[in-house]
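One-letter residues, chain by chain:
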Amino acid sequence: MCTRILYETATGTYITGRGMDWNDPKAPTALWAYPRGMKQDGGVGKNPVTWTSKYGSVFASFYDAASADGMNETGLVTNVLYLAESNYGDASTTGKPTLSIGAWAQYFLDNFATVAEAVTAMQDPPFTIVAPILPNGRAASVHLSISDAGGDSAIFEYIDGALHIHHSRDYNVMTNSPVFDEQLALVNYWRIIGGNRFLPGTINAADRFVRMDYFMKSTPKYEDPDLALAAAFSIIRSAGVPIGMEDPDHPNISMTLGALWEIMNARPITLSPC
């Protein structure tokens, strides 16, 4: 589900935007705020990982149970997107404490101030992720992106039970399948063709990745904060999928919920533009 971008302004600040695509239009969500100093645990298993939050944060919930998108007081931002290829391994064989997939993003918001700090800490993750089935019956197969106030970026993917970390300031676009290594190979092909001549136009995640990559490179870096925010909104909205469109066999190819959520709730309810 979804598209995520990291837009750089002309003043050296950054705007993280995401579009929420999902096949359940009534997936409940809300804005939650957590203070620093809050005792937390992994929320699953006989030996959940425990920690005390170093930073306060505000985030958007998914199904009113999981942390989907958020930002802490240092400017670290987390975004969870669907990835069908995700495989977190067997928690019973690792010997590590467990962490619910719904708390994965929150662990980063609570514990880290920068992307570099988080990447270093995850070289040997102190937990094993447990991912139960979502309320709509779909697998909780996701990957995670983080960005910080300095414009650094990283993508975390669990493939065949192993954590793969992609860390670079250049990784300012993320969608869904295929895995990030393959996305980079595909986008390099399209860069040779040149987006001013032709861009793939379907709602497929790989096509959205290519379009976002081109738009991010082609859109000016605005100094005016209103124009900068408008630019980020315009880019992420260009990846939107019309209401009602979906592929029943692929939940990551679904309608964009942002506008529908705002109408149903009569208030904006997502942290990031969508």
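As the structure is a prediction and not an experimental result, all values here were calculated from the model.

A short note on the sheet that holds strand β2 (residues 14-19)
Right, so step 1: The sheet built from 3 strands is open, its strands ordered β2-β1-β14 with antiparallel pairing. Taken across any chain shown, the strands that pair with only one partner, and hence form the sheet edges, are β2 and β14 (173-174).
Right, so step 2: Along the sheet face, helix α5 (residues 205-218) touches β1 (3-8) and β14 and points at about 10° away from the line of β1.

Observations regarding helix α2 (residues 104-111)
Right, so step 1: Burial runs high along α2: 8 of the 8 residues are buried.
Right, so step 2: Looking at α2, one finds that the buried residues are Trp104, Ala105, Gln106, Tyr107, Phe108, Leu109, Asp110 and Asn111.

A look at the nonpolar core
Right, so step 1: Membership of the largest hydrophobic core comes to 59 residues, with the highest contact counts inside it found for Trp104, Phe108, Phe127 and Phe156.
Right, so step 2: Considering each element in turn, this core owes the most residues, 5 residues, to helix α6 (residues 225-237).
Right, so step 3: Not counting residues up to four positions away in its chain, the partners in contact with Phe127 are Val49, Lys96, Pro97, Leu99, Trp104, Tyr107, Met122 and Tyr158.

Thoughts on the packing of aromatic side chains
Right, so step 1: This model, assessed by the stated rule, comprises 19 aromatic pairs.
Right, so step 2: Centroid distance Tyr34 to Phe59: 5.0 Å. Interplanar angle 80°. Geometry classified as edge-to-face. In this pair, Tyr34 sits in strand β3 (residues 31-34) while Phe59 sits in strand β6 (residues 57-62), placing the two residues 25 residues apart along the sequence.
Right, so step 3: Site record: aromatic cluster; members linked through ring pairs are Trp51, Tyr107, Phe108, Phe112, Phe127 and Phe156.

Digging into the environment of Leu163
Right, so step 1: When you line up the elements, Leu163 lands in strand β13 (residues 162-167).
Right, so step 2: Between the C-alpha atom of Leu163 and that of Gly89, which follows or precedes it by 74 residues, the distance is 9.6 Å.
Right, so step 3: The contact partners of Leu163, leaving out residues within four places of it in the chain, are Met122, Pro125, Phe156, Glu157 and Tyr158.

Considering unusual backbone geometry
Right, so step 1: Here the residue pair Ser177 and Pro178 is connected by a cis peptide bond, since its omega of 5° sits within 30 degrees of zero.
Right, so step 2: Along the polypeptide, Pro178 turns up in the loop between β14 and α4 (180-193).
Right, so step 3: Even without being a glycine, Asp64 presents a positive backbone phi close to 55°.
Right, so step 4: Residue placement: Asp64 occurs in the loop between β6 and β7 (66-72).
Right, so step 5: Phi at Asp160 takes a positive value of approximately 50°, unusual for a residue other than glycine.
Right, so step 6: Tracing the backbone shows Asp160 in the loop between β12 (153-159) and β13.

Notes on the sheet that holds strand β8 (residues 77-82)
Right, so step 1: Across the sheet, 7 strands lie side by side as β3-β6-β7-β8-β11-β12-β13; this open sheet has antiparallel pairing. This sheet does not close on itself; its edge strands, each paired only once, are β3 and β13. Neighbour to neighbour, the strand axes of the sheet diverge by 25° on average, direction disregarded.
Right, so step 2: Summarising the sheet, β3 and β6 pair through 4 bridges and their orientation is antiparallel.

Re the pattern of salt bridges
Right, so step 1: In total, this model carries 6 salt bridges according to the counting rule given.
Right, so step 2: Of the charged contacts, one joins Lys221 and Glu8 as a salt bridge, the two residues approaching to 3.1 Å between their closest N and O atoms. Here Glu8 lies in strand β1 and Lys221 lies in the loop between α5 and α6, a separation of 213 residues in the sequence.
Right, so step 3: Between Arg18 and Asp69 there is a salt bridge, with its nearest N and O atoms 2.4 Å apart. With Arg18 in strand β2 and Asp69 in strand β7, this residue pair connects regions lying 51 residues apart in the sequence.
Right, so step 4: Asp69 gets classed as buried once you look at its relative accessible area, which sits at 4%.

Considerations on the confidence of the model for the chain
Right, so step 1: Mean pLDDT over the chain works out to 88, with 92% of the residues at or above the 70 mark.
Right, so step 2: For residues 259-274, every residue scores under 50 in pLDDT, and the model assigns this stretch 43 contacts once sequence neighbours within four places are set aside.

A look at the environment of Glu85
Right, so step 1: One can find Glu85 in the loop between β8 and α1 (91-94).
Right, so step 2: In the structure, Glu85 is positioned 57 residues away from Val142 in sequence and 8.4 Å away in space, judged by C-alpha atoms.
Right, so step 3: For Glu85, the contacting residues outside a window of four places in its chain are Tyr158, Ile159, Ser177, Pro178 and Val179.
Right, so step 4: Among the polar contacts made by the side chain of Glu85, one reaches the side chain of Ser177 at a distance of 2.7 Å.

About the thresholds
- Residues numbered from 1 in each chain as written.
- Predicted model: local features only at pLDDT ≥ 70, side-chain atom pairs only at ≥ 80, totals over all residues.
- Heavy atoms only, no water.
- Pairing = 2+ DSSP bridges.
- Helix = DSSP H or I, 4+ residues; strand = E, 2+ residues; numbered from the N terminus.
- Contact = heavy atoms within 4.5 Å.
- Axes fitted to C-alpha atoms, helices over the stretch in contact; angles between N-to-C directions.
- Buried < 20%, exposed > 50% of the residue type's maximum accessible area, 1.4 Å probe, protein only.
- Core = buried A, V, L, I, M, F, W, Y, C linked by side-chain atoms within 4.5 Å.
- Phe/Tyr/Trp six-rings, centres within 6.5 Å; stacked < 30°, edge-to-face > 60°.
- Salt bridge = Lys/Arg side-chain N within 4 Å of Asp/Glu carboxyl O.
- pLDDT = per-residue confidence, 0-100.
- Polar contact = N/O pair within 3.5 Å; in protein donor to acceptor, adjacent residues only side chain to side chain.

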